[in-house]
Amino acid sequence: MDLSLSTETVGDRTVVRVGGEIDVYTAPKLREQLVELVNDGSYHLVVDMEGVDFLDSTGLGVLVGGLKRVRAHEGSLRLVCNQERILKIFRITGLTKVFPIHTSVDDAVQATD
Amino acid sequence: MTEGDGMATVELLFSALPEHVRTARLVAAAVARRAGVDEAVLDELRLAVGEACSRAVGLHISHGVAAPVRVVLIEDEKKFSIEVGDDAPRPAPVSAASGAAHRPGSAQDEGGDGEDDMGLAVISGLVDDVEVTADETGGLIRMSWPTTPGAAVS
């Protein structure tokens with residue numbers, strides 16, 4: 001299975017819907033997408049991971065890289081995820097403290113710091 | 001029980017290309033399921049073997065090693081083991097059986113060696129029985145999981 005990506009603007013947020021497997025092979029595509037969005041001036045990103053079947057540390061690295069980029073512009077990167085097996089990876093790496101993780105896109109879009 | 005006293009093994013060699021890591025994950029999970037590894041830990045096993053293979057692929061690419069990455073799946077009586085070996089030379093012997101020293105913070109250097117550390121951190125967090133060794137000839141990650149006797153699919 002490959003990686004699918006689509007974006008949608010909701011207010012001042014850009015929602016990136018990710019589907020499939022994020023691993024060492026597909027993560028560069030996600031990285032490109034995030035870099036492109038930030039270069040185009042989208043600094044408040046919501047990454048919807050509900051369609052993600054697999055996530056490894058390469059994918060985590062890309063998300064951390066995305067967070068660094070948006071923060072350089074006073075932006076934000078929020079995640080939407082309810083899947084226990086994906087959430088577990090964020091927990092064991094301590095990244096639940098780094099990323100705001102929401103249960104729905106609506107919730108993430110409305111969230112403020 | 002398997003007949004004879006030899007351990008059942010499956011060995012996989014693949015060129016150090018990121019697209020083959022998924023294949024290694026699928027093969028490892030399929031063999032583990034057959035060996036009687038609990039369904040509940042197959043997700044973790046798949047992730048751990050993927051991390052180990054991604055790391056090996058990265059090391060082969062960065063060191064210009066042409067040899068393939070080696071994955072050995074060993075079905076024992078009470079446990080299922082996976083060994084992922086690379087041929088990337090390390091300057092000095094390293095033992096990192098305890099992954100606690102690997103903090104994910106270093107992985108913030110996007111795309112650098114930090115991702116290796118994060119991969120090891122994930123493996124250490126997922127797998128109770130893991131051993132990471134490396135020397136001038138390459139590195140080896142050994143992981144094992146208990147199997148449920150009688151649960152093996154024949």
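Computed from a predicted model, the values in this text were never measured in an experiment.

Colleague: A description of the overall build of chain B should follow, citing residues and the corresponding values.
Modeller: Each helix and strand in chain B was counted, giving three helices and six strands. In chain B, the order of α-helices and β-strands from amino to carboxyl end is β-α-α-β-β-β-α-β-β. Looking at the 154 residues of chain B, the share that counts as buried comes to 41%. Long-range pairs, those at least 24 residues apart, make up 67% of the contacts in chain B with a sequence separation of at least 6.

Colleague: Please set out the nonpolar core residue by residue, giving values where relevant.
Modeller: In terms of nonpolar packing, the biggest core is built from 67 residues, with V47 of chain A together with A28, A48, V49, C53 and I123 of chain B touching the most fellow members. Considering every element that reaches this core, the biggest residue donor is helix α2 (residues 39–63) of chain B, with nine residues. Excluding anything up to four places from it in sequence, V49 of chain B contacts A24, R25, A28, I82 and V84 of chain B.

Colleague: Could you give me a rundown of the interface of chain A and chain B, with the residues and numbers involved?
Modeller: At the junction of the two partners, chain A supplies 18 residues and chain B supplies 21 residues. Looking at the side of chain A that touches chain B, the element that brings in the most residues is helix α2 (residues 57–71) of chain A, giving seven residues. When grouped by side-chain class, the residues that make up the side of chain A that touches chain B number seven nonpolar, six polar and five charged.

Colleague: Any details on helix α1 (residues 21–35) of chain B? Residues and values, ideally.
Modeller: Look at α1 of chain B: 21 Å from first C-alpha to last across 15 residues, which is about the 21 Å you get at 1.5 Å a residue. Residues V21, R22, A24, R25, A28, V31, A32 and A35 of chain B constitute the buried set of α1 of chain B. Contact partners of the buried residues in α1 of chain B: β2 (13–22) of chain A together with β1 (8–14), α2, β2 (69–75) and β3 (79–86) of chain B.

Colleague: Quick one: what's the story with the environment of V47 of chain A, residue by residue and with numbers?
Modeller: Residues and elements named next belong to chain A. Tracing the backbone shows V47 in strand β3 (residues 44–55). Separated by 48 residues in sequence, V47 and L95 place their C-alpha atoms 15 Å apart. When residues no more than four places from it in sequence are discounted, the contact partners of V47 are V16, V18, L63, L77 and L79.

Colleague: Give me the lowdown on the pairing of strand β6 (residues 138–146) of chain B, citing residues and values where you can.
Modeller: Residue and element names in this part refer to chain B. Note: β3 against β6, eight bridges, orientation antiparallel. Bridge pairing links F80 to W145 in β6. Pairing between strand β5 (residues 129–135) and β6: seven bridges, direction antiparallel. Across the sheet, A134 pairs through a bridge with G139, a residue of β6. Counted between consecutive antiparallel strands, the loop separating β5 from β6 contains two residues.

Colleague: Account for the packing of helix α1 (residues 27–39) of chain A against α2 of chain A, naming residues and giving values.
Modeller: All names here are of chain A. Two elements in contact, α1 and α2, have axes separated by 9 Å at closest approach and are oriented at 10 degrees. When the axes of α1 and α2 are compared, the pair comes out roughly parallel. Mapping the contact onto sequence places A27, L30, R31, L34, V35 and V38 in α1 and T58, G59, V62, G65, G66, R69 and V70 in α2. Residue composition of the contact of α1 with α2, grouped by class: seven nonpolar, four polar and two charged.

Thresholds, definitions, all that
- Residue positions are counted from 1 within each chain, in the order its sequence is given.
- For this description, chains carry letters from A and ligands carry numbers from 1, given in the order in which they are written.
- Two thresholds apply to this predicted model, a pLDDT of at least 70 for residue-level local features and 80 or more for giving and counting side-chain atom pairs, whereas whole-chain, interface and lining totals are computed over all residues.
- Here a helix means four or more residues in a row that DSSP labels H or I, a strand means two or more in a row labelled E, and each is numbered from the N terminus.
- To sort residues by exposure, count the other C-beta atoms lying within 10 Å of each residue's C-beta; 20 or more gives buried, 12 or fewer gives exposed, and values between give partly exposed, all with C-beta atoms placed from the backbone.
- Working definition of a contact: two residues with C-beta atoms, positioned from the backbone, lying within 7 Å.
- A set of buried Ala, Val, Leu, Ile, Met, Phe, Trp, Tyr and Cys residues, joined through C-beta atoms within 7 Å, is what we mean by a nonpolar core.
- Just so you know the grouping, Ala, Val, Leu, Ile, Met, Phe, Trp, Tyr, Cys and Pro go in nonpolar, Asp, Glu, Lys and Arg go in charged, and all remaining residues, Gly too, go in polar.
- Here the expected length of a helix is defined as 1.5 Å per residue gap, with one fewer gap than residues.
- DSSP calls a pair of strands paired once it identifies at least 2 bridges connecting them.
- A fitted line through C-alpha atoms serves as each axis, taken over the contacting stretch for helices, and the angle formed by two N-to-C directions is quoted from 0 to 180°.
- The scheme is simple: roughly parallel for angles under 35 degrees, roughly antiparallel for over 145, roughly perpendicular for 65 to 115, oblique for anything else.

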